[in-house]
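Coordinates in review
Spelled out, the chains give:
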Amino acid sequence: MIELKRVCKSFYHNKQEIKVLNDINITINDQDIFGIIGYSGAGKSTLIRLINALEKPTSGDVIIDGHNLAKFTHHEIRQMKQKIGMIFQGFNLLESKTVAENIALPLLLTGVPKQDRDKVVDELLDFVELKDKKQAYPSELSGGQKQRVSIARALANKPKILLCDEATSALDPQTTRAILDLLKRINQQQKVTIIIVTHEMSVLKHICNNMLVMENGKIVEQGNVVDIFQNPASPVTRKFVNAVIYDKLPIRILNNMLKHDINNIYRLEFLGSSCRHSVLSDAIMRDCGKISINILFSNMIDIQENVIGYMFVNIEGESNDVEEAIDFLKRKQVRIAKLDKDGNYV
Amino acid sequence: MFDFNTLLTPELFFVSLYQTFFMVGISLFFGAILGTLFAVILVITKPNGIAEHKICYSILNTIINIVRSIPSLILLVSVLPLSYFIIGTSYGTTAAILPLIFFVSPYISRLVENSLLEVDNGIIEAANAMGATTWQVIWHFLLPEAKSSLVLTYTTATIGLIGATAVAGTIGAGGIGDLALNYGYYRFDHVAMITTIITLIIIVQIIQTIGNKLSKSIRNHHRET
Ligand SMILES: Nc1ncnc2c1ncn2[C@@H]1O[C@H](COP(=O)(O)OP(=O)(O)OP(=O)(O)O)[C@@H](O)[C@H]1O
Ligand SMILES: [Mg+2]
């Protein structure tokens, strides 16, 4: 378990204090895949670097498995670092060494004999599916392959924690997906706790269980990924969620509707269980077709077996029939909002 | 007006050549060791370095700057008494070696420092994340990653050193520089002058070519295979 308690971090530039992290409290459970998202400069890298002691907190405690890092000697810090793997956006592989030599480096540092090193390297190459690149140099590899090598290197000492700082930010969507799948496999097969820093919500959506959102060195929101996607509380979080699933009717479709004088537009929010029921047809059927529901647009995504999404509909009929249908939908746990003249959903 | 009479004998030429190689070789060897050592100390003790140490950094940095700012001839003569103290003479090829080491070590340390600073910070970051000791960072990360750049650095240093031995020739160190000065210049021996100039050009060309090739092959050996 990783705990950060009242952690603050400042850098000093010409005696001037730059507060980078402010009162950070986090608990990350074993075998969790934990996402940290925020805009550039929010302090994400600084935060993740506290966990493997690349940075020291100015105040507050970083506690790993009950051990306060502040109480560790230099030697203990080094031993702890060997049990925490880290991968980076820029891969940080040694250009002067082959793939095999790169992966063997952490073992070399801990004094593992050559024979054992070779064995571990072969296993890891097998695991990341890069057996044929064993003697290649990093400059001969694609970005995705480089990241696989650096993942293999990070796993060499069988760490219990893997830190990923923008590990997929330099990769295309398909390669990103493959790397994320690999991380998931590491999490499941080797029981490794994974912490992912990113500025892409899609990364969190694919593999994280829990997440937090950072802004200006503060945590603005923290919790279960599905919950946060469904109920983004802060404006920053909403912006991030909107990048993956947009909660407004696209402006062109909206203008088109208004041109045709269609204005009974509602937004239905589907969360969790409501997706599994035939709520729309039920709403129409119960009134024996007194109303009509016309689907204008819909936006749905899946987050780890959960579907969440927005559907934009035009409901026509007598106003009290419409009201009744809306009440019915609300009872079925569909959150519903009407589009007002100003383009807001109320 | 061009005088082809010369005092230059093949024997004299080859002895001078040997003296130059001797001086360059020995002082390069010690200069490279010391210079690289200083450079590594500078890089790790610099502000935000992996073993930051303000006092150590400023002292070494200042000394190197001071020595580097003394013109080579003045540096060479000012160190000669030290040669006398150690080997009992301040004249000749052997006596010139100590001053040459004084000259070349700070020079090499600045060049090596630049090579080491070129190493991507991410590499050091990765080393730190792995829990590498300072020594391990230097040996397994910093130096291997700077290797091809270091080869060029030592090449430049060697060529600079050849120039310095020519200057040392003026204080009686022997070698090609001595030849050019004492025969070519003072005795108007054009053949001696031209021979030494051409010899120096050829030596420098050869060294630079080898250095470039070697550095390139280190940098590219993976792309060619
Ligand atoms: N060593 C340092 N000295 C001074 N300021 C620093 C240092 N490291 C980070 N900062 C500052 O701290 C702030 C947060 O930096 P950090 O790298 O943690 O942000 P980030 O969220 O990771 O951003 P990005 O998405 O761009 O990587 C930035 O304003 C940065 O300038
Ligand atoms: Mg960052």
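Calculation criteria
Residues numbered from 1 in each chain as written. Chains lettered and ligands numbered in written order. Predicted model: local features only at pLDDT ≥ 70, side-chain atom pairs only at ≥ 80, totals over all residues. Heavy atoms only, no water. Helix = DSSP H or I, 4+ residues; strand = E, 2+ residues; numbered from the N terminus. Buried < 20%, exposed > 50% of the residue type's maximum accessible area, 1.4 Å probe, protein only. Contact = heavy atoms within 4.5 Å. Areas by Shrake-Rupley, 256 points an atom, 1.4 Å probe, with all protein chains shown as cover. Lys, Arg positive; Asp, Glu negative; His and termini not counted. Charge placed at Lys NZ, Arg CZ, Asp CG, Glu CD. Pairing = 2+ DSSP bridges. UniProt positions renumbered as here; feature names shortened; annotations may be inferred. Salt bridge = Lys/Arg side-chain N within 4 Å of Asp/Glu carboxyl O. Buried area = accessible area lost by both parts, 1.4 Å probe. Polar contact = N/O pair within 3.5 Å; in protein donor to acceptor, adjacent residues only side chain to side chain. Near = heavy atom within 4 Å. Nonpolar A, V, L, I, M, F, W, Y, C, P; charged D, E, K, R; others polar.

A few points about the overall build of chain B
- Tallying secondary structure elements over chain B gives eight helices and zero strands in all.
- The order of helices and strands in chain B, counted from the N terminus, is α-α-α-α-α-α-α-α.
- In terms of overall dimensions, chain B has a C-alpha envelope of 70 × 50 × 25 Å along the principal axes.
- Relative to its full complement of 225 residues, chain B shows a buried share of 46%.
- Contacts in chain B between residues far apart in sequence, at least 24 positions, make up 74% of those at least 6 positions apart.
- On chain B, roughly 11,600 Å² of surface is accessible, and the fraction owed to carbon and sulfur atoms is 69%.
- Taking the average place of the 10 positive charges on the side chains of chain B and the average place of its 11 negative ones, the gap between the two points comes to 6 Å.

As for the pairing of strand E8 (residues 193-198) of chain A
Residues and elements named next belong to chain A.
- The element E8 is largely enclosed, with a buried count of six among its six residues.
- Residue alternation in E8 divides its side chains into two sets, Thr193, Ile195 and Val197 and Ile194, Ile196 and Thr198, and both sets are buried.
- Two elements, strand E3 (residues 33-38) and E8, share five bridges in a ladder whose sense is parallel. Note on E8: the bridge partner recorded for isoleucine 37 is threonine 198.

Brief notes about the UniProt feature "domain: ABC transporter" (unreviewed entry) in chain A
- This chain's UniProt record puts "domain: ABC transporter" (unreviewed entry) on residues 2-241 of chain A.
- Spanning residues 2-241 of chain A, this segment combines 38% helix with 28% strand, and its end C-alpha atoms are found 26 Å apart.

Quick notes on the pattern of salt bridges
- Under the criterion given, the structure shown has 16 salt bridges over all chains.
- Arg49(A) serves as the salt-bridge partner of Glu125(B), at 2.1 Å between the closest nitrogen and oxygen. Separated into two different chains, Glu125(B) in helix H5 (residues 121-129) and Arg49(A) in helix H1 (residues 44-51) make up a pair that spans both.
- Among the residues examined, Glu125(B) registers a relative accessible area of 22% and is labelled partly exposed.
- A relative accessible area of 15% places Arg49(A) in the buried class.
- A salt bridge links Arg267(A) to Asp247(A); its shortest N-O distance comes to 4.0 Å. Placement of Arg267(A) in strand E11 (residues 265-271) and of Asp247(A) in the loop between helix H9 (235-244) and helix H10 (251-259) is noted, with a sequence separation of 20 residues between them.

A few points about H9(A)
- Among the residues of H9(A), those classed as buried are Val236(A), Thr237(A), Phe240(A), Val241(A) and Asn242(A).
- Considering only its buried residues, H9(A) is in contact with E3, helix H7 (201-207), strand E9 (210-215), strand E10 (218-224) and helix H8 (225-230) of chain A.

Some points on the interface of chain B and chain A
- Chain B puts 19 residues into the contact, and the matching count from chain A is 23 residues.
- Summing the contributions of chain B and of chain A, the shared interface buries around 1,900 Å²; its carbon and sulfur component is 59%.
- The interface formed by chain B and chain A contains one salt bridge.
- Linking chain B with chain A are seven residue pairs in polar contact (both at pLDDT 80 or more).
- Top contributing element to the side of chain B that touches chain A by residue count: H5(B), with six residues.

Considerations on the pairing of strand E2 (residues 16-28) of chain A
All names here are of chain A.
- Across nine bridges, strand E1 (residues 2-13) lies against E2 in antiparallel orientation. Considered in E2, the bridge of glutamate 3 is made with threonine 27.
- Two successive antiparallel strands, E1 and E2, enclose a turn made up of two residues, where asparagine 14 displays a positive phi of approximately 50°.

Describing the site of ligand 1
Residue and element names in this part refer to chain A.
- Residues in contact with ligand 1, as listed here, are Phe11, His13, Val20, Tyr39, Ser40, Gly41, Ala42, Gly43, Lys44, Ser45, Thr46 and Glu166.
- Within the side chain of serine 45, one N or O atom sits 2.7 Å away from an oxygen atom of ligand 1.
- A distance of 3.4 Å separates an oxygen atom of ligand 1 from a polar atom in the side chain of glutamate 166.
- Coverage of ligand 1 by the protein chains reaches 61% of its 630 Å² of free accessible surface.
- Elements with a minimum of two residues in the shell around ligand 1: E1 and H1.
- At three residues, H1 tops the list of elements feeding residues into the shell around ligand 1.
- Its residues placed into classes, the shell around ligand 1 shows four nonpolar, six polar and two charged.

Focus: the UniProt feature "transmembrane region" (unreviewed entry) in chain B
Residues and elements named next belong to chain B.
- The feature "transmembrane region" (unreviewed entry), as annotated in UniProt, sits at residues 20-43, 55-76, 82-104, 151-171 and 191-211 in this numbering.
- Taken end to end, residues 20-43 is 100% helix and 0% strand, and its two terminal C-alpha atoms sit 32 Å from one another.
- With 90% helix and 0% strand, the stretch residues 151-171 has end C-alpha atoms that lie 30 Å from each other.

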